[in-house]
Amino acid sequence: MPAGSVSPPGATSAAQCTCVAGFWRRNTSHSFCVQCAHGFYCPGDERAYACPYEHQTSPPGATSPTACHCTESYFGTPTTGCALCPAGAYCPLNSTTPVPCPSNSSVLTPGSWRPSDCKCDAGHVRSASWRSPTAHVETHGHFAAPLPSNGSLAQHTASGPM
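Residues numbered from 1 in each chain as written. Predicted model: local features only at pLDDT ≥ 70, side-chain atom pairs only at ≥ 80, totals over all residues. Heavy atoms only, no water.

K.L.:
Explain the side chain of Ser58 residue by residue, including any values.
P.N.:
Positionally, Ser58 belongs in the loop between strand 7 (56–57) and strand 8 (69–70). Separated by 2.7 Å, the side chain of Ser58 and the backbone oxygen of Phe40 make a polar contact. With sequence-adjacent residues up to four places away left out, Ser58 is seen in contact with Ala37, His38, Gly39, Phe40, Cys51, Ala67, Cys68 and His69. (Helix = DSSP H or I, 4+ residues; strand = E, 2+ residues; numbered from the N terminus. Polar contact = N/O pair within 3.5 Å; in protein donor to acceptor, adjacent residues only side chain to side chain. Contact = heavy atoms within 4.5 Å.)

K.L.:
Please give an account of the state of the cysteines that cites residues and values.
P.N.:
By definition, a disulfide links the sulfur atoms of two cysteine residues through a covalent bond. Evaluated as defined, the whole model comprises six disulfides. Each sulfur of the disulfide joining Cys51 and Cys68 lies 2.2 Å from the other. Across the S-S bond of Cys51 and Cys68 the torsion is about -85°, and the bridge reads as left-handed. One end of the pair, Cys51, is in the loop between strand 6 (49–50) and strand 7; the other, Cys68, is in the loop between strand 7 and strand 8, with 17 residues separating them in the sequence. The pair Cys51 / Cys68 is uniform in exposure class, with both members buried. The residue that forms a disulfide with Cys85 is Cys91, at a sulfur-sulfur distance of 2.2 Å. Here the disulfide of Cys85 and Cys91 is right-handed, its torsion about the S-S bond being about 75°. The pair formed by Cys85 and Cys91 is uniform in burial state, with each residue classed as buried. When the cysteines of the protein that form disulfides are numbered from the N-terminus onward, they connect as 1-2, 3-4, 5-6, 7-8, 9-10, 11-12. The structure places no disulfide on Cys120, whose sulfur is separated from the nearest cysteine sulfur, that of Cys118, by 9.6 Å. (Disulfide = S-S within 2.5 Å. Buried < 20%, exposed > 50% of the residue type's maximum accessible area, 1.4 Å probe, protein only.)

K.L.:
Provide a residue-level description of the pattern of salt bridges, including the pertinent values.
P.N.:
Counted under the stated rule, the structure contains three salt bridges. Across the salt bridge formed by Glu46 and Arg25, the nearest N and O atoms sit 2.7 Å from each other. Of this pair, Glu46 sits in the loop between strand 5 (40–41) and strand 6 while Arg25 sits in the loop between strand 3 (23–24) and strand 4 (34–35), placing them 21 residues apart in sequence. The salt bridge involving Arg114 is made with Asp117; its shortest N-O contact spans 2.8 Å. (Salt bridge = Lys/Arg side-chain N within 4 Å of Asp/Glu carboxyl O.)

K.L.:
How would you sum up the pairing of strand 10 (residues 81–84)? Please name residues and give values.
P.N.:
As defined by bridge partners, strand 9 (residues 74–77) adjoins strand 10 across four bridges and the pair is classed as antiparallel. Across the sheet, Gly76 pairs through a bridge with Cys82, a residue of strand 10. From the end of strand 9 to the start of strand 10, which pair antiparallel, there are three residues. (Pairing = 2+ DSSP bridges.)

K.L.:
So what's going on with the packing of aromatic side chains? Residues and values would help.
P.N.:
In this description, a pair of aromatic rings is defined by centroid distance and the angle of the planes. Applying the stated criterion across every chain, the model contains one aromatic pair. Aromatic pair Tyr41 and Tyr49: ring centres 5.5 Å apart, planes at 25°, arrangement stacked. Classification of Tyr41 by relative accessible area gives buried; the value is 14%. In this structure Tyr49 comes out as partly exposed when scored by relative accessible area, which is 24%. (Phe/Tyr/Trp six-rings, centres within 6.5 Å; stacked < 30°, edge-to-face > 60°.)

See below:
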């Protein structure tokens, strides 16, 4: 029996096999099933369907439209579709809502998808204790700290100068 398929009891050839959910038959003249591709879902009726909304994708082998999610720079759900991430926020892959930039920072253009797109507001500098969430380092302290009153750009953390 070919991968991704099942056969009815008593089947005598691979042509009698049907595709399981997550697989589809690329060509009806072929007896084999292929895994559903990125950006599609395959419910088990031997066909592949594109994710229903623009700017959606899915993992390979998806079996339902609920597996479709928004691409980077967009937010939404499998049932509402995807909208462009607004200014002042970023939207990583699979965002259901925009992620606001940390306090004292913003992004001016819509469509941002990385926390590093958030830039410090005027009069603030990035705190030395801030680490990008995309680097998978725990965040401590503030994202953007006010400029010191002496005008120095020396960076400080809660525990003192770096």
